[in-house]
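Chain by chain, the residues run as shown.
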Amino acid sequence: MTISTPQSVPALLARNVAQFGDKPAYREKEYGIWQSWTWAQAAAEIDALATGLLTLGANAGDHIAIIGRNRPAMYWGMVAAQKAGCVPVPLYQDAAAEEVAYALDHCGARFAIAGDQEQVDKIADVREGLTQLEHVIYLDGRGLRKYDHSAMTSYADVQAAGRASNMAAEMEARVAAQTYDDTCVMLYTSGTTGRPKGVVLSNRNIIETSKNSSEFDHLRPGDETVAYLPMAWVGDFIFSIGQAIWTGFCVNCPESEHTLATDLREIGPTYYFAPPRVFENQLTQVMIRMEDAGRVKKWLFDRFMATAKRVGPAMLDGTSVGLLDRLKYALGDVLVYGPLKNTLGFSRIRVGYTAGEAIGPEIFDFYRSLGINLKQLYGQTEASVFITQQPDGEVRGDTVGVASPGVELKIAENGEVFYRSPGTFVEYYKNAESTADTKDPEGWVATGDAGFVEEGSGHLRIIDRAKDVGKMADGSLFAPKYVENKLKFFPNVLEAVMFGNGREECTAFLNIDLTAVGNWAERNNIAYASYQELAGHPQVLETLRAHVEEVNRSVAADPMLAGCQVYRFLVLHKQLDADDGELTRTQKVRRKIIEEKFGDLIGALYDGSGEIYTETEVTYEDGRKGQITATLQIVDAAVAPVAARMAAQ
Amino acid sequence: MKDSVEPYVTADGRTIGPVMMDMRAITLRFGGVEAIKNISFDIREGEIRAIIGPNGAGKSSMLNVISGFYHPQEGEVWFHGKKRPKVKPYQVARQGIARTFQNIALFEGMSVLDNVMTGRLGHMKAGMFAQALWRGKAEREEVENREAVERVIDFLEIQAIRKTPVGRLPYGLKKRVELARALAAEPKLLLLDEPMAGMNVEEKEDMSRFILDVNDEFGTTIALIEHDMGVVMDLSDRVVVMDYGRKIGDGTPDEVRANPEVIDAYLGVAHD
């Protein structure tokens, strides 16, 4: 196998062309039909674009920004950049213009490959300040006919220029010059605090990690995956480029972001990744539809789901299950699980992963019990994704698995998790200080998460962000995320933010889930005109109070965390949003910003007021700003008695 | 500019060609009611031409005259330099004129795809029997037409509702499906009857972009009726203003905006 590992992604691509050139490498649904490209065809497209970049004057080491939705041509753009000796820098397609400007300026990109008019406009808006940006290459020319084309060319034209040129020798030299330690890709971390940082990952990082993780899960040519997560996210780079090209499996791109459900069903991926939020939404959809189903179907569903819940996970783990239960499960598979999995597009999944946030045990077990091999992994951009992952047969809701192949783990005294691996990033671009803060000279990287390795199983368990873990006024442990996750496991709660560090009591902000609560309102003939009105409805508040009290009881059961019970909460009048800076682009809560922005509300939670009037600035999707005002009710929740309070050491 | 028949290029780089449709002294009566009183105006190739006016001004009637649904008692309709005889609407459709309706007129029980396919009717030549058997030419035709329809679906970004019955769609999307059906006919002249009525700001923005893109990408000439003044002024090259069946203004948006009679009748703003 390791006669000589190709030293770069383009070299791996050449290997794939030689090994399975006529097998499908990419598919995209367009004009209602799945269009496909074999490895040989994809390599030809990439070669044309790479040579085209040379004709535009791309030098080795240049940064090339890539921004757009998941399309084969955009992935080729990344590999073409690598082939030309440049560094691809994928950016979040829903990023605001100033975020894009920061990244383009920081990496000094000379070229940008933009998906469509929206992205071209975004770059055009900030182009004045970007002295280094020379040329924009656009994929979909719609609406761009009237634009000034002096520094802008279509993707197809660049490819045509590449095909017409005679720079094949130069091209070969560029590929041959690449070493295992050259930069493969640069990814900007979304950053819950401060400016995004450019994480530099080498060919070694990407290829070694792809190799190890592909072997861990026995990925093989012929596997199918659906690429729909942001291209700027490290996971997508590893799944859709690293592992796909290492293993030689096929990457399928949906027709549009709105057709994902249909496209997923048509492709039936065998290897699939989704953040917990996606699984949560899908489960909510299923439950809502079952509520609307006929009585017979509902009865069948409830009955067989009970069986699945009891024996499904065990069967998936390969432990022994009685014959009668096996028969029941088989019948359920024909009547319920099979059709349901088919509808969700999960019929063929061999390996499924979720990561990024904690997933609710109910949700996790639901999918496992259907016979879907859903597992958890723990990772970050700086590790080229993989730090720990769950091996087949050792899957549990509350751990994130064992150290991935080649990864060493270490828990510091304060509980922070450290790792060292072949995937460990090279540096933060132009930021030696942060690099030194994060990675020590021996290569150990601080994850920023607090956790511990479970005795016996060797599985890692994550409690919270290390910097978010604090102490209550009486010295007991304050772990906000632990409680927030428990709250978020209720379908009605979309987001929760907890406060209480250094205080006597904990309080929380909640966001309702409009799908779930809206459906409930419809069912109960409750009229509402807006999100805000529904969020403030007395019956909604009452339901949420019941949820909070249930969480309090479950928190009280753990003496170490019993101090984190929620005494008071309020339901926010707006959804926390990345456009308003309250969430990161990967939908993680930014505590500092929320604390500053809603300071008046936090005050009201602690000064005993019954309600509070507030004005909030919101940003609409097109960038315009507006004001919303609301009077919010403060709701008290009962706390459960605690047997014994233990101080956090 | 209005009186010149020479082609010219607009500030944003589109070419406006010779007169395509010329309405000459049109008068339309329903019994004793004069809906349109002696109105003349023209539509030039490649332009976006708006007809505006208060309720009951006769805008929709005018659109119906253009589409051949109403036949004016007086006046002549000249199309591509030839006087148009009294024709049936389907004959007008074959000449490359397609329209959308003020009150959506789609087949509610059929899918979006099937609705848009009906826009291709004028492009299907195979006989009824050949279509029923779905052999040879009929099959080839269907594939070709489906491809054309898929391009329209892609263009208007309605892939996600391709298979959804129209009856289940919200209003704004139905409007878009109607535009899709009209576009599927690959018209030379597209008539839009209040394309943004009842839409929210975001839907209006989307629709405006689609109208501009249609004009820009396919060079389709567009005549539209619209209430939303802001939209009309932003979109159109020239505007006809009607009031009680009379034409009270005709010209570029700026000219129309400055016309005191228009301000009186339509905008309702006092002037001195």
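## Considering the sheet that holds strand E26 (residues 566-571) of chain A
Residues and elements named next belong to chain A. The strand order E24-E25-E26-E29 describes an open sheet built from four strands, whose pairing is mixed. One side of each edge strand has no neighbouring strand; the edge strands of this open sheet are strand E24 (493-499) and strand E29 (635-636). With two bridges connecting them, E26 and E29 associate as antiparallel partners. Note that in E29 the partner of Phe-569 across the bridge is Val-635.

## What about the domain arrangement of chain B?
How big an interface is tends to be reported as the loss of accessible area on association of its parts. Residue and element names in this part refer to chain B. Per the domain assignment, the segments making up chain B are domain 1 (1-96 + 188-272) and domain 2 (109-186). Just the C-alpha atoms count here: the centres of domain 1 and domain 2 sit 27 Å apart. Contacts between the two partners involve 10 residues from domain 1 and, on the opposite side, nine residues from domain 2. Where the side of domain 1 that touches domain 2 is concerned, the elements lending two or more residues are helix H2 (89-94) and helix H7 (201-218). A per-element tally of the side of domain 1 that touches domain 2 places H7 first, with four residues. Along the lines of polarity and charge, the residues of the side of domain 1 that touches domain 2 split into seven nonpolar, one polar and two charged.

## As for the domain arrangement of chain A
All names here are of chain A. You can read the domains of chain A as domain 1 (9-202), domain 2 (396-466) and domain 3 (470-636). Here the C-alpha centre of domain 2 lies 31 Å away from the C-alpha centre of domain 1. Taken together, the contact pairs nine residues of domain 1 with eight residues of domain 2. At the level of secondary structure, the elements contributing two or more residues to the side of domain 1 that touches domain 2 comprise helix H4 (97-107) and strand E9 (198-202). Top element by residues in the side of domain 1 that touches domain 2 is E9. It accounts for five residues.

## Focus: the confidence of the model for chain B
Low-confidence regions, as indicated by low pLDDT, have predicted coordinates that should not be scrutinised in detail. Here chain B averages 88 in pLDDT, and 96% of its residues register 70 or above. Prediction confidence for the complex, expressed as pTM and ipTM, is 0.83 and 0.81 respectively.

Calculation notes
Residues numbered from 1 in each chain as written. Chains lettered and ligands numbered in written order. Predicted model: local features only at pLDDT ≥ 70, side-chain atom pairs only at ≥ 80, totals over all residues. Pairing = 2+ DSSP bridges. Helix = DSSP H or I, 4+ residues; strand = E, 2+ residues; numbered from the N terminus. Domains from an automatic or database assignment. Contact = placed C-beta atoms within 7 Å. Nonpolar A, V, L, I, M, F, W, Y, C, P; charged D, E, K, R; others polar. pLDDT = per-residue confidence, 0-100.

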